[in-house]
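This is what each chain is made of:
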Amino acid sequence: MAIPEPLRRGLRLPLIGAPLFIVSNPELVIAQCTSGIIGAVPSLNARPAEELERWLEKISTALAAHDAAHPEAPAAPFAINLIVHKSNPRLMDDLAICARFKVPLIITSLGANEEVNQAVHSWGGLVFHDVINQRFARKAIEKGADGLILVAAGAGGHAGVQSPFALVAETRAWFDGPIALSGAISTGAGILAAQAMGADFAYMGSPFIATREANATAAYKEAILSGSAQDIVNSSYFTGVNGNYLRESIIAQGMDPENLPQRDPSAMNFGEASGAKAWKDIWGAGQGIGSIHEIVPTATFIRCLAREYAAAKAHLTDLG
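About the cut-offs
- Residues numbered from 1 in each chain as written.
- Predicted model: local features only at pLDDT ≥ 70, side-chain atom pairs only at ≥ 80, totals over all residues.
- Heavy atoms only, no water.
- Helix = DSSP H or I, 4+ residues; strand = E, 2+ residues; numbered from the N terminus.
- Salt bridge = Lys/Arg side-chain N within 4 Å of Asp/Glu carboxyl O.
- 1 Å grid on protein atoms, 1.4 Å probe; cavity = no way out; pocket = protein on both sides within 12 Å on 5 of 7 lines; lining within 4 Å.
- Points joined across faces, edges and corners; volume = space filled by probe spheres on them.
- Nonpolar A, V, L, I, M, F, W, Y, C, P; charged D, E, K, R; others polar.
- Pairing = 2+ DSSP bridges.
- Axes fitted to C-alpha atoms, helices over the stretch in contact; angles between N-to-C directions.
- Contact = heavy atoms within 4.5 Å.
- Phe/Tyr/Trp six-rings, centres within 6.5 Å; stacked < 30°, edge-to-face > 60°.
- Buried < 20%, exposed > 50% of the residue type's maximum accessible area, 1.4 Å probe, protein only.
- Lys NZ or Arg CZ within 6 Å of the ring centre and 35° of its normal.
- Parallel < 35°, antiparallel > 145°, perpendicular 65-115°, else oblique.
- Left-handed = near helix turned anticlockwise from the far one by under 90°.

Chemist: Before we move on, can you summarise unusual backbone geometry with the specific residues and values?
Modeler: Of the consecutive residues Arg47 and Pro48, the connecting peptide bond is found in the cis state with omega at 0°. Within the secondary structure layout, Pro48 lies in the loop between strand 2 (39–42) and helix 2 (51–69). One non-glycine residue, Lys102, lies in positive phi territory at about 50°. Inspection of the secondary structure assignment puts Lys102 in the loop between helix 3 (91–100) and strand 4 (105–109).

Now the structure itself:
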């Protein structure tokens, strides 16, 4: 149980900024990495597909410039999220672009893929796969993933239903590789708690929606600030996979959040005409948003997390 050496450079908090649908962009990733955490963006956020190469060029150039200017505090690595589901027609093209830039970390979702894992390993990259239960976790490792992202109850977007305590403990019973834990983590104390349970990283998404760099509308950011756990609705209606969404955004689209039909996973479609257009105004968020109270630059928020993390460690020391 340890953070892999390639991911330690420049890491000042054991934290991965989760790749956020529509919201994550190069500016957010650069701000996350230069502030000492791993930043991530879904490849499908870059539209049209040709935009992904420009995004990776921008991120790589900015991080290299930061390292040259601040050799005493280099940037942390960055990650690209690839949707491995069969309905994603861009997968292999996006993977080839990632190969050209030797992306340090690939986060795979919605399907473990041995061919993808082998390709990433060929350029020296690592693969973390996100899972919601032990069946998917074991399958991911069997197919060559290096680490797991355990998506527990309360996480934003596509979310699991299991307690983080159960999910981490059952995974650690058979897997000693790197684990990131997701699920309503929004404070520095939450990062420390994830480590205490046995994870190597915390995996945090929703709080970054309320940062200045995030590609979210003003209304979306304000909904994060005003919302709490009771404002989160779990439904499979929007993508075919259970996910957590802000109640306010569902109502705004003329739907009843208490009576959403179930949708089969076969409804997933990650082509150019996918739910990226159909559901762009349905806002994903996790149950930890009640801790977010202001819109700030990403660097400011991460400094706050670092202070909270240190205070939580000191508090535990005081408890003896």
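Chemist: A description of the pattern of salt bridges should follow, citing residues and the corresponding values.
Modeler: Applying the stated criterion across every chain yields a total of eight salt bridges. For the salt bridge of Arg90 with Asp94, the shortest nitrogen-to-oxygen distance reads 3.2 Å.

Chemist: Explain the layout of surface pockets to me, using residue names and the numbers behind them.
Modeler: As a volume, the second largest pocket reaches approximately 230 Å³. Along the walls of the second largest pocket sit 16 residues, with Ser291, His293, Glu294, Phe301 and Cys304 positioned nearest its centre. Of the residues that constitute the lining of the second largest pocket, the class distribution is seven nonpolar, six polar and three charged.

Chemist: Break down the sheet that holds strand 9 (residues 201–204) for me, with residues and values.
Modeler: Pairing is parallel across the open sheet formed by eight strands, whose spatial order is 1-9-8-6-5-4-3-2. The open sheet is flanked by strand 1 (15–17) and strand 2, the only strands paired with a single partner. On average, adjacent strands in this sheet sit at an angle of 25° to one another, irrespective of strand direction. Where strand 3 (residues 78–83) lies against strand 4, five bridges are found, and the strand directions are parallel. Across the sheet, Asn81 pairs through a bridge with Ile107, a residue of strand 4. Where helix 6 (residues 164–172) meets the sheet, its contacts fall on strand 6 (147–151) and strand 8 (179–182), and the angle it forms with strand 6 comes to roughly 155°.

Chemist: Which residues make up the packing of aromatic side chains, and what values do they have?
Modeler: Centre distance and the angle of the planes are the two values used to describe a pair of aromatic rings. Scanning the model with the defined rule gives six aromatic pairs in all. Ring centres 5.0 Å apart and planes at 70° place the aromatic pair Phe238 and Tyr245 in the edge-to-face group. Each member of the pair, Phe238 as well as Tyr245, is classed as buried. Put simply, the rings of Tyr237, Phe238 and Tyr245 touch in pairs and so form one group of aromatic residues. The ring of Trp174 has Arg138 sitting right over it, with the charged end atom 4.5 Å from the ring centre.

Chemist: Let's hear about the environment of Met204: which residues, and what values?
Modeler: Note that Met204 resides in strand 9. The class for Met204 is buried, based on a relative accessible area of 0%. Through-space distance from the C-alpha of Met204 to that of Gly157 is 11 Å; in sequence the pair is 47 residues apart.

Chemist: Tell me about the side chain of Thr108, and name the residues and values.
Modeler: With respect to the helices and strands, the residue Thr108 is situated in strand 4. Using a relative accessible area of 3% as the deciding quantity, one classes Thr108 as buried.

Chemist: Explain the pairing of strand 11 (residues 243–246) to me, and be specific about the residues and the numbers.
Modeler: Neither face of strand 11 is left uncovered, since the one carrying Gly243 and Tyr245 and the one carrying Asn244 and Leu246 both have all their residues buried. Of the pairings in the sheet, the one linking strand 7 (residues 157–158) to strand 11 comprises two bridges and is antiparallel in character. The partner of Gly157 across the bridge, within strand 11, is Asn244. In this sheet, strand 11 lies alongside strand 10 (residues 232–235) in antiparallel orientation, the contact comprising four bridges.

Chemist: Run through the packing of helix 1 (residues 26–34) against helix 2, naming residues and quoting values.
Modeler: Interaxial distance between helix 1 and helix 2 falls to 10 Å at its minimum, and their mutual angle equals 25°. Looking at the two axes, helix 1 sits roughly parallel to helix 2. The two elements helix 1 and helix 2 cross, and the hand of that crossing is right-handed. Seen from helix 1, the contacting residues are Pro26, Glu27, Val29, Ile30, Cys33 and Thr34; seen from helix 2, they are Trp55, Lys58, Ile59, Ala62, Leu63 and His66. Across the contact of helix 1 with helix 2, the residue classes tally to eight nonpolar, two polar and two charged.

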